[in-house]
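Working through the structure, step by step
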Amino acid sequence: MTQVDIKNPNTRQYLPSDVILNYLKTGQIQPEDWSCKHEGEKSPWQVETRPHNAMKDGKRQVKDADGYFVENAIRMLPNWSLAIALDQQLQTPTTFRLGGEGHQVLIETCPSLGQQWDSIQARSEANFQSANRSVGYLVTPGVFERVQNNKQAKCRPWPWEWKLAHTSNPNQIPRELVGVATDRAIPISTRLRDQHDSDQSIPAPPGSQYYLNQPQTLFQDQPQAPAKVKRWRKLGYSQLLWINVN
């Protein structure tokens, strides 16, 4: 793939579905596809700082303590919106409460987005079934927790069930994971990045890529996986797209 300068103000941070679909087909993203062509492809929102006054109950006076505060509101640019996937039909348009301060969002169906995602998933599944050398592209944060030696293991940058190929020997079951590319630091042995890491379980970031000798499923997607393990996938975490490697 062509090296991209992500700090360039004209570089897309969000790629359209046709570019992603072509990436799944060819394993390549053309240099011109990284150039912003529409407003918001660098950042589809802006941060708006808003002041607030907290009033005394029953009075038209500002509270003495915590009477003034500010918050940062995230405003989507015109013609941009957030999309979520639901596993049930809703009467649309409808409104949902968002957060704990009475904010609301307007929800309505978008068939075109569903068609785009179906095309991407179909191509990814075809690549998965080919059983060739493949790259798994992580679309959403990867929650890779797994019970190891009767203890709950913390998240790490790749699934616990995927064993690194270079550690295998001829007398063991072949291991498929050749390499990992991620922007999250990977602990070596028992050495951690800081003293707080031992108390945290940090998901793998979107954009991580996994090079395997052939595609592998996640334990979270197996029929025998416990319901609490499958919950992460139901919430949309650990979504992988597959690209064949020639």
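Placed above this text is the structure.
Keep in mind it's a predicted model, so treat the numbers as computed, not measured. (Residues numbered from 1 in each chain as written. Predicted model: local features only at pLDDT ≥ 70, side-chain atom pairs only at ≥ 80, totals over all residues. Heavy atoms only, no water.)

In this structure, Pro93 follows Thr92 across a cis peptide bond, with omega equal to 0°. Inspection of the secondary structure assignment puts Pro93 in the loop between strand 2 (68-76) and strand 3 (94-98). With a phi close to 75°, Asn79 is a non-glycine residue in the positive phi region. Residue classification places Asn79 among the exposed residues on the basis of a relative accessible area of 86%. (Helix = DSSP H or I, 4+ residues; strand = E, 2+ residues; numbered from the N terminus. Buried < 20%, exposed > 50% of the residue type's maximum accessible area, 1.4 Å probe, protein only.)

With that out of the way, let us pick up the nonpolar core. Listed in full, the twelve residues of the largest apolar core are Phe128, Leu138, Phe144, Trp158, Trp162, Leu177, Ala204, Tyr210, Leu212, Leu218, Leu240 and Trp242. Those residues in contact with Ala204 that sit more than four places away from it in its chain are Leu138, Pro141, Gly142, Phe144, Arg156, Pro157 and Tyr210. In this structure, Ile20, Tyr23, Leu24 and Ile29 belong to the second largest nonpolar core, which totals nine residues. (Core = buried A, V, L, I, M, F, W, Y, C linked by side-chain atoms within 4.5 Å. Contact = heavy atoms within 4.5 Å.)

With that out of the way, let us pick up helix 2 (residues 111-129). When the terminal C-alpha atoms of helix 2 are compared, their 27 Å separation across 19 residues agrees well with the 27 Å that a helix rising 1.5 Å per residue should span. What helix 2 keeps buried is the set Ile120, Ser124, Asn127 and Phe128. Buried positions in helix 2, seen along its axis, are confined to an arc of 100° and lie on one side of it. Helix 2 presents Pro111, Gln115 and Gln129 as exposed residues on the side facing more than 90 degrees away from its buried surface. (Expected span 1.5 Å × (residues − 1). Arc of directions from axis to C-beta.)

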